[in-house]
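# Residue-level structural notes
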Amino acid sequence: MIKLIVLDVDGCLTNGDIIYTSGGDEIKHFNVKDGLAISSWIKMGLHAAIITGRESKIVEKRANELGIKHLFQHVKDKETAIKELASKLGLKSYEVAAIGDDLNDYKMLKFAGRSFTPKDGVKEIRELVDTVLSQNGGDGAIREMIDILVDENDAKDEFLSMWM
């Protein structure tokens, strides 16, 4: 059973675009369906984490909105970060799922017992992961991943009962 999901940001939680205003402020686009799925996952008593190579106040704000307690920004070695978090939570790799879309996610995805990439993940990552999703990053890929994991965890009734 998967107990922890680990999310990359640019290219997974977002479409990968980095937009700056003329004042230098960064803009990111997040999918509300991804957000509802993440917060539902957490409400089920499961863990969620963000491990990202960049640093952004926007990502910190989004993590707080969704109740994500494990936020790691400006990470150069995602493999070490995911291993340390799993150890801290007392989890084995087979209890961890991760999503990533580019080469800097490779080792993190290799560690995870269940790995995903959005449809628009790079070729090397699509060839590595267990599941290539039908949605692009920032366009519901995280929701699709969580729906798959909820089904595999046999927790669909619990997931739906929070809202119905």
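This write-up is about the structure you can find in this document. Note that this is a predicted model, so its numbers are computed, not measured. (Residues numbered from 1 in each chain as written. Predicted model: local features only at pLDDT ≥ 70, side-chain atom pairs only at ≥ 80, totals over all residues. Heavy atoms only, no water.)

With that settled, the discussion passes to unusual backbone geometry. Positive phi, close to 60 degrees, is recorded for histidine 74, a residue that is not glycine. One can find histidine 74 in the loop between strand 5 (70-72) and helix 4 (78-88). Accessibility expressed as a relative area gives 47% for histidine 74, which makes it partly exposed. Here aspartate 154, not a glycine, exhibits a phi torsion of approximately 55 degrees, which is positive. Structurally, aspartate 154 can be placed in the loop between helix 7 (141-152) and helix 8 (156-161). (Helix = DSSP H or I, 4+ residues; strand = E, 2+ residues; numbered from the N terminus. Buried < 20%, exposed > 50% of the residue type's maximum accessible area, 1.4 Å probe, protein only.)

Turning to helix 2 (residues 32-43), a few remarks are in order. In a regular helix each residue adds 1.5 Å, so 12 residues correspond to 16 Å; helix 2 covers 16 Å between its end C-alpha atoms and thus fits that length. Those residues of helix 2 that are buried are in contact with strand 1 (4-7), helix 1 (9-13), strand 4 (47-51), helix 3 (57-66), helix 7 and helix 8. Two or three places before lysine 33, at the opening of helix 2, asparagine 31 has a side-chain oxygen 2.7 Å from that residue's backbone nitrogen. Backbone geometry just downstream of helix 2 places glycine 45 in the positive-phi region, at approximately 90 degrees. (Expected span 1.5 Å × (residues − 1). Contact = heavy atoms within 4.5 Å. Polar contact = N/O pair within 3.5 Å; in protein donor to acceptor, adjacent residues only side chain to side chain.)

Take the pattern of salt bridges next. One pass over the full model with this rule turns up 14 salt bridges. Across the pair lysine 78 and aspartate 8 runs a salt bridge, and its minimum N-O distance is 2.9 Å. A residue pair is termed long-range when its members are at least 10 positions apart, and lysine 78 in helix 4 and aspartate 8 in the loop between strand 1 and helix 1 qualify at 70 residues. Here lysine 78 and aspartate 8 have matching classes, each one buried. Across the salt bridge formed by lysine 78 and aspartate 105, the nearest N and O atoms sit 2.5 Å from each other. In this pair, lysine 78 sits in helix 4 while aspartate 105 sits in the loop between strand 6 (96-99) and helix 5 (106-111), placing the two residues 27 residues apart along the sequence. (Salt bridge = Lys/Arg side-chain N within 4 Å of Asp/Glu carboxyl O.)

In terms of nonpolar packing, the biggest core is built from 31 residues, with Ile5, Leu7, Ile38 and Ile146 touching the most fellow members. When residues of this core are traced back to their parent elements, those giving at least two are strand 1, helix 1, helix 2, strand 4, helix 3, strand 6 and helix 7. Tallying contributions element by element places helix 7 first for this core, with 6 residues. Not counting chain neighbours up to four residues away, the residues in contact with isoleucine 5 comprise Trp41, His47, Ala48, Ala49, Ala97, Met145, Ile146 and Leu149. Counting 18 residues, the second-largest nonpolar core is a separate cluster that includes Leu4, Ala49, Ile51 and Val96. (Core = buried A, V, L, I, M, F, W, Y, C linked by side-chain atoms within 4.5 Å.)

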